[in-house]
Amino acid sequence: MKDTRYIFVTGGVVSSLGKGIISASLARLLKARGLKVTIQKLDPYINVDPGTLNPYEHGECFVTDDGAETDLDLGHYERFLNVPTSQANNVTTGRIYQSVIDKERRGDYLGETVQIIPHITDEIKYRIRLLAAHGKYDVIITEIGGTVGDIESLPYIEAVRQMRWELGNKAAVIHLTLVPYLSASGELKSKPTQHSVKTLLELGVQPDVIVCRAEKQLTEGIKSKIALFCNVKEEAVIESIDVSTIYEVPIRMRDEKLDEVVLKKIGLPTDKPTDLVGWEDFLNRLKNPKGKTKIGLIGKYVELKDSYKSILESLIHAGAKNQVKVEIELIHSEYLTEENIEEKLKGLCGVLVAPGFGERGFEGKIAAVKYARVNNIPFLGICLGMQAAVIEFARNVLHLEGANSREVDRRTPHPVIDIMESQKKVSGKGGTMRLGAYPCEIKKGSKVDKVYTEKLIHERHRHRYEFNNKYIEMYAMHGMHAVGINPNEDLVEIVELDGHPWFVGVQFHPEYKSTVEEPHPLFTAFIAAAMEESKKKN
Ligand code: GLN
């Protein structure tokens, strides 16, 4: 298709309405009609990327194949679309300003005064259009982070206004708002939506479609009221009611004809049917489980579920694949000790030790590993979770007293996890870890060999420390084997244990690659093993 179409998604009234899910659902619907779609997130904060953010701020940091540290919404985009994203799919104010200031220092502006309009807005527009290069996509959906009316998102809304003007009917704006229900009067209220649209109008942007998040069904009356007050057609007031799983949203949006309304707006045909057979099959398996199993997720950021978004979603995908319900208990590693571990973890059919950084809660993770190893509970350790498994084995099986990671104890006598050679000279924190996809060769005859169909896999990374190869033989002699190796750098990527039903540690992050269409095989195998454990327990 010659002319790329642009869809902008803004949000109003309150944050956390699920713009990411609405964007991803719309993208999925357009893909189901045969269009090539990508989604981009523009974040109004000044961090150059979310890599330096604490997970408590905006949830997990999602990592792409090309090693970009991005907003967690990109995870939703990939899980819904099953198409990888890249650095270009997430842009922050920090990055925009950084490139404008770099240009200014190079003298690229030839003496001009550098200003928000046009220089910052031009840079924003350039970043949006960048995705259209090479004609790879028919439609680009750009989600603007934050809420309309925020000072920091003003340049983005201005860029949307300009692009809308330049592109005419090749662009559309979707505004997502909240329609609250007042139980005292038993009414849904449209006023916040009206005000939020008014704010957009003041900035020169007329939304084409209004998606209304609501707890209860919108009446025809309220839909027509919103249409009238906000200058949109009634068919363009879309209800987005709370649902039990985010994976139902594309189906709801299809029923509400969101894709049809948008396609009409941007001048694309609506005659192709929406093929969602695979998606519906997934939903069906998800909603009709034939058994259940309970997994403990051991981490130190458990107060905010979004810190482990991709892991939680991967477990859901794997549950659907096995057609079992996965109950997840989030367990705070900071409060786990050798003394209370039995009481806190008993009843679990699988233990997943989460990624992380630093000392806080690390000993609790090691205690959880020991519990899973000794009691033959299926275990999956991811990144720091794998490192915890290696350290636990060193201390309790190899009897290397004081074994640790150099990250936690600089003076450990047994640094079984040590800093990577390539990281020794690194001092800055932003974007300097070992990031993105690297190859890994799977050892023939290992347990993970049965999990993966290929011998050479590519998985995503985000770490500075690694398994210390000096100890590799000692581990093998005692039953912990390095069964996945990076062939170029000789780094241990996967360890597994002899004589245990399912005990796997991975230095990479399989959770970044699990999607609805392709649940990750490691998670699928982990849940299958947990299911066996459930049967045993019953
Ligand atoms: N902190 C560890 C490292 O840097 C693990 C990182 C992680 O779990 N993502 O190697």
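Definitions and limits used
Residues numbered from 1 in each chain as written. Predicted model: local features only at pLDDT ≥ 70, side-chain atom pairs only at ≥ 80, totals over all residues. Heavy atoms only, no water. Helix = DSSP H or I, 4+ residues; strand = E, 2+ residues; numbered from the N terminus. Buried < 20%, exposed > 50% of the residue type's maximum accessible area, 1.4 Å probe, protein only. Contact = heavy atoms within 4.5 Å. Areas by Shrake-Rupley, 256 points an atom, 1.4 Å probe, with all protein chains shown as cover. Lys, Arg positive; Asp, Glu negative; His and termini not counted. Charge placed at Lys NZ, Arg CZ, Asp CG, Glu CD. Core = buried A, V, L, I, M, F, W, Y, C linked by side-chain atoms within 4.5 Å. Right-handed = clockwise from strand over helix to strand, strands pointing away. Pairing = 2+ DSSP bridges. Salt bridge = Lys/Arg side-chain N within 4 Å of Asp/Glu carboxyl O. Phe/Tyr/Trp six-rings, centres within 6.5 Å; stacked < 30°, edge-to-face > 60°. Near = heavy atom within 4 Å. Polar contact = N/O pair within 3.5 Å; in protein donor to acceptor, adjacent residues only side chain to side chain. Nonpolar A, V, L, I, M, F, W, Y, C, P; charged D, E, K, R; others polar. Axes fitted to C-alpha atoms, helices over the stretch in contact; angles between N-to-C directions.

Undergrad: Got a sec to walk through the overall build of the protein? Specific residues and values, please.
TA: Regarding its fold elements, the protein presents 18 helices and 23 strands. Oriented by its inertia axes, the alpha-carbon framework of the protein measures out at about 75 × 60 × 45 Å. Looking at the 538 residues of the protein, the share that counts as buried comes to 58%. Partitioning the contacts of the protein with sequence separation of at least 6, the portion at a separation of at least 24 is 73%. On the protein, roughly 22,700 Å² of surface is accessible, and the fraction owed to carbon and sulfur atoms is 50%. Side-chain charges of the protein comprise 71 positive and 75 negative groups, with the mean position of each set lying 2 Å from the other.

Undergrad: Help me get a handle on the nonpolar core, residues and values and all.
TA: With 59 residues, the main nonpolar core has Ile7, Ile141, Ile174, Val209 and Leu258 as its most contacted residues. Per-element tally for this core: the top contributor is helix 1 (residues 19–32), with eight residues. If we skip the residues at most four places from it in the chain, isoleucine 7 touches Leu26, Leu30, Val139, Ile140, Ile141, Thr142, Ala172, Ile174, Val262 and Ile266. In terms of nonpolar packing, the next biggest core, distinct from the first, is built from 43 residues, Ile417, Tyr465, Tyr471 and Leu497 among them.

Undergrad: So what's going on with the pairing of strand 15 (residues 379–382)? Which residues, and what values?
TA: Going residue by residue along strand 15, you find Phe379 and Gly381 tucked away on one face and Leu380 and Ile382 tucked away on the opposite face as well. Handedness of the crossover joining strand 14 (residues 350–353) and strand 15 through helix 14 (residues 362–374) is recorded here as right-handed. As paired elements, strand 15 and strand 23 (residues 503–506) share four bridges and run parallel to each other. Counted as the bridge partner of phenylalanine 379 is phenylalanine 503 from strand 23.

Undergrad: Quick rundown of the pairing of strand 2 (residues 37–43)? Include the residues and the values.
TA: Of all seven residues in strand 2, seven are buried, a share of seventy percent or more. The side-chain alternation of strand 2 yields two buried faces, one formed by Val37, Ile39, Lys41 and Asp43 and the other by Thr38, Gln40 and Leu42. Where strand 2 and strand 6 (residues 139–144) come together, six bridges link them in parallel fashion. The residue of strand 6 that forms the bridge with lysine 41 is glutamate 143.

Undergrad: Describe in detail helix 3 (residues 73–81), supporting the description with residues and values.
TA: The buried fraction of helix 3 amounts to nine of the nine residues, a majority that puts the element mostly inside the structure. Taken together, the buried positions of helix 3 are occupied by Asp73, Leu74, Gly75, His76, Tyr77, Glu78, Arg79, Phe80 and Leu81. Where helix 3 terminates, the next one or two residues include asparagine 82, which has phi positive at roughly 60°.

Undergrad: I'd like to hear about the pattern of salt bridges, residue by residue, with values.
TA: Under the defined criterion, the tally for this structure stands at 45 salt bridges. Among the salt bridges present, the one from arginine 462 reaches glutamate 69, with a minimum N-O distance of 2.7 Å. Remark: glutamate 69 occurs in strand 4 (residues 69–70) and arginine 462 occurs in strand 19 (residues 456–463); sequence separation between them is 393 residues. We classify arginine 462 as buried; its relative accessible area is 11%. Here the salt bridges share partners, and the residues they tie into one network are Lys41, Asp43, Asp71, Asp73 and Glu143.

Undergrad: Lay out unusual backbone geometry with the relevant residues and their values.
TA: Across the chain, the bulk of peptide bonds are trans and the bulk of non-glycine residues have phi less than zero. With an omega dihedral of 10°, the bond running from isoleucine 117 to proline 118 counts as a cis peptide bond. The backbone phi angle of valine 13 is positive, close to 75°, even though this residue is not glycine. As for its placement among the helices and strands, valine 13 is situated in the loop between strand 1 (5–11) and helix 1. Residue valine 13 is classed as partly exposed on the basis of its relative accessible area of 31%. Even without a glycine there, the phi angle at aspartate 490 is positive, about 55°. Along the chain, aspartate 490 falls in the loop between strand 21 (480–486) and strand 22 (491–497).

Undergrad: Lay out the packing of aromatic side chains in plain terms, naming residues and giving numbers.
TA: The full count for this structure, using the stated rule, is 11 aromatic pairs. A centroid spacing of 6.2 Å and a plane angle of 55° characterise the contact between tyrosine 247 and tryptophan 279, whose relative ring orientation is tilted. Of this pair, tyrosine 247 sits in the loop between strand 11 (237–241) and helix 9 (249–255) while tryptophan 279 sits in helix 11 (residues 277–287), and the two are 32 residues apart along the sequence. Here tyrosine 247 and tryptophan 279 have matching classes, each one buried. Where phenylalanine 393 meets tyrosine 475, the ring centres are 5.6 Å apart and the plane angle is 25°; that geometry is what we call stacked. In this pair, phenylalanine 393 sits in helix 15 (residues 384–396) while tyrosine 475 sits in helix 17 (residues 472–477), placing the two residues 82 residues apart along the sequence. The exposure classification of phenylalanine 393 matches that of tyrosine 475, with both residues buried.

Undergrad: Talk me through the side chain of serine 405; I want residue IDs and the actual numbers.
TA: For serine 405, the location among the structural elements is in strand 16 (residues 404–405). Excluding anything up to four places from it in sequence, serine 405 contacts Ile391, Ile417 and Tyr465.

Undergrad: Can you lay out the site of the ligand for me, pointing to particular residues and giving the numbers?
TA: Residues in close proximity to the ligand include Pro355, Gly356, Phe357, Cys383, Leu384, Gln387, Glu407, Arg462, His463, Arg464, Tyr465 and His509, which together make up its full environment. Glycine 356 has a polar backbone atom sitting 2.9 Å from an oxygen atom of the ligand. Between the ligand and glutamate 407, the relevant distance is 2.7 Å, taken from a nitrogen atom to a side-chain nitrogen or oxygen of the residue. Here the ligand loses 99% of its free accessible area of 300 Å² to cover by the protein chains. At the level of elements, helix 15 and strand 19 are the ones that each hand at least two residues to the shell around the ligand. Partitioned by chemical class, the residues of the shell around the ligand number five nonpolar, four polar and three charged.

Undergrad: Please provide a residue-by-residue account of the side chain of glutamine 194, values included.
TA: The topology assignment puts glutamine 194 in helix 7 (residues 191–202). Judged by its relative accessible area of 11%, glutamine 194 is buried. Here serine 190 takes part through its side chain, which lies 3.0 Å from a polar atom of the side chain of glutamine 194.

Undergrad: Outline the sheet that holds strand 22, supporting the account with residue identities and numerical values.
TA: For sheets, the rule is that strands pair by backbone hydrogen bonds, running either parallel or antiparallel. If you walk across this open sheet you meet the nine strands as 13-12-14-15-23-22-21-18-19, and the pairing is mixed. This sheet does not close on itself; its edge strands, each paired only once, are strand 13 (325–332) and strand 19. In this sheet, neighbouring strand axes are inclined to one another by 25° on average, regardless of whether the strands run parallel or antiparallel. Helix-sheet contacts for helix 18 (residues 521–537) involve strand 12 (292–299), strand 13, strand 14, strand 15 and strand 23, and the interaxial angle to strand 12 is about 120°.

Undergrad: Mind laying out the environment of valine 232, listing which residues take part and the relevant values?
TA: With respect to the secondary-structure elements, valine 232 resides in the loop between helix 8 (220–230) and strand 11. Linking valine 232 and glutamine 206, residues 26 residues apart in sequence, is a C-alpha distance of 8.7 Å. Not counting the four nearest positions on each side in its chain, valine 232 is found in contact with Gln206, Pro207, Asp208, Ile210, Ala227 and Val237.

Geometric descriptors of this kind do not, in isolation, establish any biological role.
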